[in-house]
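# Coordinate inspection notes
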Amino acid sequence: MRIGIAADHGGFELKVHLSAALKAAGYEVVDFGAYKLVAGDDYPDFVVPLAQAVARGEVERGLAICGSGVGACVTANKVPGVRAALITDPFSAHQGVEDDDMNIMCLGGQVTGDALSWDLVQTFLHANFKGDERFRRRLLKVAALEKDKHP
């Protein structure tokens, strides 16, 4: 599985940790930056290219990290075809994929530790969309919003 990852200064250290863990686990990791720690860089500069790659299918799933995870999540969800969520617990990490077809998980590099983040990433990556009619129906309504066609 190809996993995209992006972080600003607030998530840089967690990105480095998770990238190494993903590679050790056999995942192909596509790094969208930041490539070095630069205080004051801007999360949209890294999250937008990641989100676009996820939406185009160039990577199967994405991890977007900033200090709290909130800015990365807001940004990622502006790209049509992206379903991103800020995840802090294992239930949401798998349920977001199973029911809502979440394709980007957002994390807070300053609020979620390395061990918990790795557990959340593994849960996210092992989950699969259930595809039940009710879930598909809901996602069609979300997709209509992206096209400015309200259901």
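Whatever comes next refers back to the structure up there.
The structure contained in this document is the topic of the report that follows. Given the structure is predicted, the values throughout are model-derived calculations rather than measurements.

## Things to note about the environment of Glu98
Checked against the element boundaries, Glu98 lands in helix α4 (residues 90–100). Distance in space between the C-alpha atoms of Glu98 and Gly4 is 20 Å, their sequence separation being 94 residues. Non-local contacts of Glu98, meaning those with residues more than four positions away in its chain, are made with Ala127, Asn128, Phe129, Lys130, Gly131 and Phe135.

## Let's talk about α4
Every buried residue belonging to α4 is among Ala93, Gly96, Val97 and Asp99, and all of these are buried. Structurally, α4 contributes buried residues whose contacts are with β3 (61–66), β5 (104–108), α5 (114–126) and α6 (133–146). The N-cap residue of α4 is Asp89: its side-chain oxygen and the backbone nitrogen of Phe91 are 3.2 Å apart. Downstream of α4 by one or two residues, Asp101 has phi in the positive range, about 55°.

## Looking at the packing of α4 against α5
Two numbers describe how α4 lies on α5: the axes approach to 8 Å, and their chain directions differ by 20°. When the axis of α4 is compared with that of α5, the two are roughly parallel. Judged by the twist between their axes, the crossing of α4 over α5 is right-handed. Every residue of α5 that contacts α4 at Pro90, Ala93, His94 and Val97 is listed here: Leu120, Thr123 and Phe124.

Calculation notes
- Residues numbered from 1 in each chain as written.
- Predicted model: local features only at pLDDT ≥ 70, side-chain atom pairs only at ≥ 80, totals over all residues.
- Heavy atoms only, no water.
- Helix = DSSP H or I, 4+ residues; strand = E, 2+ residues; numbered from the N terminus.
- Contact = heavy atoms within 4.5 Å.
- Buried < 20%, exposed > 50% of the residue type's maximum accessible area, 1.4 Å probe, protein only.
- Polar contact = N/O pair within 3.5 Å; in protein donor to acceptor, adjacent residues only side chain to side chain.
- Axes fitted to C-alpha atoms, helices over the stretch in contact; angles between N-to-C directions.
- Parallel < 35°, antiparallel > 145°, perpendicular 65-115°, else oblique.
- Left-handed = near helix turned anticlockwise from the far one by under 90°.

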